[in-house]
Amino acid sequence: MTFALTAPARPKATWTFLRAPVSLRTWGATAHVLLDLLVGTLTFTFVVTMTAVTLGLLCTLVLAIPALAILLLGARVIGACERARFASLLGVPIADPYPVFEGTWWEKTRTWVLGAAPWKELVYALLLFPLGVIGFSLVVTAWSASLALVTLPLYLDRLPRRAVHLAGHEIVAGPGLWGLVAAGVVGLFVAPWLARGWAALDRAVGSFLLGRTSTEVLEQRVETLEVTRSWAVEIAEAERRRIERDLHDGAQQRLVALAMDLGLAREKLDTDPARARELIDHAHDEAKRAIAELRDLARGIHPVSLSDRGLPGAIPALAGRSAIPVDVYVALPDRLPAAIEGIAYFIVSECLANAVKHSQATRVSVRLVQHGDTLFLDITDDGIGGVDPALGTGLTGLVERVASVDGTFVVTSPLGGPTEIRVELPCAS
């Protein structure tokens, strides 16, 4: 078992600036900007052509409708491809703005055509061409000019009169040449930020025209909160029923038996002291069992170790009671909100119990790391796999608990294993 308590380190600004020319983020942004010209040319040509065809066929409505359908379907394809390009090259996920269409075919078609999403995608397809021309020119000029200046000493002798003609001046070998080389080196560190800056502009335009509006985001947020609130209420109600059932079937029955034994012992205390002693001994055993069950019940509600030491103390203690060896790694800079700690503890507890019962695993790994305002929880075992929350494997309750705080719960469990459960919980106080 391993345990650590660390805070994630942040890269220094100087190092970020120096490694910009070789950063994957820089080359992703550069590739995105360069592709803008190619993609923009294709989309601009398609939209202008189909718009002209549609307008030209307005006199024959029967032919204009299929042309308009092709135009809007093309906008749908363009939007989907561009959202995928933003996600792959810039790492920017843009949510699909199209709602779930319901109703008859005519109602779905009317909602689609009258909605804002396809028309915004058409505007994006038209804007991408001029933006692509400008961005391509700026980025290519910045990179090529910088590289040309840096490598100038390698081909200076091949130039006419072995000199560089710049702004009416003739620069030959000497201090002027090395000044140009120095300018090229500076340009190599400026060009990445120019590419990133133009990619940021692309991202802003794409998010506005290819994604959801603020109103749509708020509506989706309200719907999500309504669902998660109902789940939270159901979870609390199920927990209350579980506590009542455990009290009724466990400690309460033992306390009733304890009272009966003590009553019988009191009646026989004078007439049959030996029998009274047996009843008192039995009552004493029942009292200890009732105390143990109440202690287990209290631990299930909220463990003392979790309240006192938080997840860094409670998770290793929980892993130590598992029948399967567990490797634990915890990296949390501070205490988390009590609700998040409780959910994380419950998830680990249930997953370890499921691993013991069903996975046939020989080892389990539990990893908790906090990055920013998100707690990442990974639980992996080397068992037989085949876990599916839809098949009643006991994970549905965990999914609902995570969703009640706007977290994510992902299960990867191919047949033959291994099983990996990845949970992300927002932990901002």
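Calculation rules
- Residues numbered from 1 in each chain as written.
- Predicted model: local features only at pLDDT ≥ 70, side-chain atom pairs only at ≥ 80, totals over all residues.
- Heavy atoms only, no water.
- Helix = DSSP H or I, 4+ residues; strand = E, 2+ residues; numbered from the N terminus.
- Contact = heavy atoms within 4.5 Å.
- Areas by Shrake-Rupley, 256 points an atom, 1.4 Å probe, with all protein chains shown as cover.
- Patch = residues over 30% accessible without salt bridge, like charges linked within 9 Å, V, L, I, M, F, W, Y side chains within 5 Å.
- Salt bridge = Lys/Arg side-chain N within 4 Å of Asp/Glu carboxyl O.
- Buried < 20%, exposed > 50% of the residue type's maximum accessible area, 1.4 Å probe, protein only.
- pLDDT = per-residue confidence, 0-100.
- Axes fitted to C-alpha atoms, helices over the stretch in contact; angles between N-to-C directions.
- Parallel < 35°, antiparallel > 145°, perpendicular 65-115°, else oblique.
- Left-handed = near helix turned anticlockwise from the far one by under 90°.
- Nonpolar A, V, L, I, M, F, W, Y, C, P; charged D, E, K, R; others polar.
- Pairing = 2+ DSSP bridges.
- Phe/Tyr/Trp six-rings, centres within 6.5 Å; stacked < 30°, edge-to-face > 60°.
- Lys NZ or Arg CZ within 6 Å of the ring centre and 35° of its normal.

Draft legend 1. Fine view of the overall build of the protein chain. Within the protein chain, the secondary structure is distributed over twelve helices and seven strands. Taking the contacts inside the protein chain whose residues are at least 6 apart along the sequence as the reference set, 72% of them involve residues at least 24 apart. Accessible area of the protein chain: about 24,800 Å², with a carbon and sulfur share of 65%.

Draft legend 2. Highlighting a nonpolar patch on the surface. A cluster of nonpolar residues, Val133, Ile134, Leu138 and Leu194, forms a patch on the protein surface that exposes about 290 Å² of accessible area. Among the elements that make up the nonpolar patch, the one with the highest residue count is helix α5 (residues 116–150) (three residues). Relative to the helices and strands, leucine 138 is located in helix α5. Here leucine 138 falls in the partly exposed class, since its relative accessible area comes to 38%.

Draft legend 3. Inspection of the confidence of the model for the protein chain at higher detail. Looking at the protein chain, pLDDT values average 79 and 77% of them are 70 or higher. Of the regions scoring below 50 in pLDDT, residues 1–10 engages in 25 contacts with residues more than four places distant in sequence or in other chains.

Draft legend 4. Region of interest: the packing of helix α11 (residues 338–359) against helix α12 (residues 396–403). Where α11 contacts α12, the two axes come as close as 11 Å, and the packing angle between them is 165°. Overall, the two elements α11 and α12 adopt an arrangement that is roughly antiparallel. Relative to α12, α11 is oriented so that their crossing is left-handed. Touching Ile343, Phe346, Ile347, Glu350 and Cys351 of α11 are Leu398, Arg401 and Val402, all from α12. Looking at the contact of α11 with α12 residue by residue, the class counts come to six nonpolar, no polar and two charged.

Draft legend 5. Just the sheet that holds strand β7 (residues 419–426), in detail. Read across the open sheet, the five strands follow the order β3-β4-β5-β7-β6; overall the sheet is mixed. The open sheet has two free edges, formed respectively by β3 (326–331) and β6 (408–412), since each of these has just one partner strand. Across this sheet, the average inter-strand angle for adjacent strands is 10°, counted without regard to direction. For strand β5 (residues 374–381) and β7, the ladder comprises eight bridges, and the chain directions are antiparallel. When the sheet's bridge partners are listed, aspartate 381 is paired in β7 with threonine 419. Where α11 meets the sheet, its contacts fall on β3, β4 (364–371), β5 and β7, and the angle it forms with β5 comes to roughly 10°. α12 contacts β6 and β7 of the sheet and is inclined by roughly 150° relative to β6.

Draft legend 6. The packing of helix α2 (residues 24–56) against helix α3 (residues 61–90), seen in detail. Where α2 meets α3, the closest approach of the two axes is 10 Å, and the angle between their N-to-C directions is 175°. What the angle tells us is that α2 and α3 run roughly antiparallel. Across the contact of α2 with α3, the residue classes break down as 18 nonpolar, six polar and three charged.

Draft legend 7. How the structure looks around the packing of aromatic side chains. The full count for this structure, using the stated rule, is two aromatic pairs. Centre to centre, the rings of tryptophan 27 and tryptophan 143 are 5.0 Å apart; their planes meet at 20°, and the pair counts as stacked. Note that tryptophan 27 is positioned in helix α2 and tryptophan 143 in helix α5, a separation of 116 residues in sequence. Taking relative accessible area as the criterion, tryptophan 27 reaches 43% and is therefore assigned partly exposed. According to the relative accessible area criterion, tryptophan 143 is buried, its value standing at 11%. For lysine 120, the ring lying beneath its charged end belongs to phenylalanine 208, and the centroid distance is 5.2 Å.

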